[in-house]
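# Topology and contacts: notes
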Amino acid sequence: MNIYQVRDNLKNTIAGKEKYLAECNDALDKGITSTGVHIAVNTTKEFLEINIAELQRILVDVEVCCEQYSEMGWMINSERMGQ
């Protein structure tokens with residue numbers, strides 16, 4: 001595993017959670033009749049929003065690491081630099 005795989009896995013995780021969040025929003029928009037189900041879906045929605053925001057902040061850090069790793073690769077491998 002490398003930093004790029006971590007980044008891609010994180011992006012896939014975020015996308016999956018965003019899809020689930022959209023499903024929760026759709027369910028709430030359609031008007032859930034059961035109070036218990038409404039509370040459960042709404043709570044899940046709130047947790048997903050918090051979790052997605054946290055994962056997006058982590059993704060920013062991982063993207064910085066990917067950029068630094070890429071730059072480091074160019075500096076270490078002098079053949080790539082035409083030297």
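Cut-offs applied
Residues numbered from 1 in each chain as written. Predicted model: local features only at pLDDT ≥ 70, side-chain atom pairs only at ≥ 80, totals over all residues. Heavy atoms only, no water. Helix = DSSP H or I, 4+ residues; strand = E, 2+ residues; numbered from the N terminus. Buried < 20%, exposed > 50% of the residue type's maximum accessible area, 1.4 Å probe, protein only. Contact = heavy atoms within 4.5 Å. Areas by Shrake-Rupley, 256 points an atom, 1.4 Å probe, with all protein chains shown as cover. Phe/Tyr/Trp six-rings, centres within 6.5 Å; stacked < 30°, edge-to-face > 60°. Core = buried A, V, L, I, M, F, W, Y, C linked by side-chain atoms within 4.5 Å. Disulfide = S-S within 2.5 Å. Salt bridge = Lys/Arg side-chain N within 4 Å of Asp/Glu carboxyl O.

## Brief notes about the overall build of the protein
The number of helices and strands found in the protein is two helices and zero strands. Expressed as a percentage of the 83 residues in the protein, the buried residues total 17%. Put simply, of all contacts in the protein between residues at least 6 apart along the chain, 69% involve residues at least 24 apart. Total accessible area on the protein is roughly 6100 Å²; 55% of this is exposed by carbon and sulfur atoms.

## Observations concerning the packing of aromatic side chains
Tallied over the entire structure, the rule returns one aromatic pair. Considering the side-chain rings of Tyr4 and Tyr69, the 5.8 Å spacing of their centres and the 70° angle between planes classify their relative orientation as edge-to-face. Pair noted here: Tyr4 is in helix 1 (residues 3-29) and Tyr69 is in helix 2 (residues 35-76), with a separation of 65 residues, a long-range link. Judged by its relative accessible area of 44%, Tyr69 is partly exposed.

## What to know about the nonpolar core
Leu10, Ile14, Leu21, Cys24, Leu28, Val41, Leu48, Ile52, Leu55, Leu59, Val62 and Cys66 together form the largest nonpolar core, which totals twelve residues. The biggest single contributor to this core is helix 2, with seven residues. Those residues in contact with Val62 that lie beyond four places of it in its chain are Ile3, Arg7 and Leu10.

## Quick word on the state of the cysteines
Applying the stated criterion across every chain yields a total of zero disulfides. Looking at the unpaired Cys66, the closest cysteine sulfur is the one in Cys65, lying at 7.2 Å. Accessibility expressed as a relative area gives 4% for Cys66, which makes it buried.

## Points about the pattern of salt bridges
In this structure the tally under the stated criterion is three salt bridges. In this structure, Asp8 engages Arg7 in a salt bridge whose closest nitrogen and oxygen atoms are separated by 3.2 Å. A relative accessible area of 35% means that Asp8 is categorised as partly exposed. Judged by relative accessible area, which is 18%, Arg7 ranks as buried. Here Lys45 ties to Glu49 by a salt bridge, and the two come within 3.3 Å at their closest N and O atoms. Pair noted here: Lys45 and Glu49 are both in helix 2, with a separation of four residues, about one helical turn. Overall, Lys45 belongs to the buried group, its relative accessible area being 18%.

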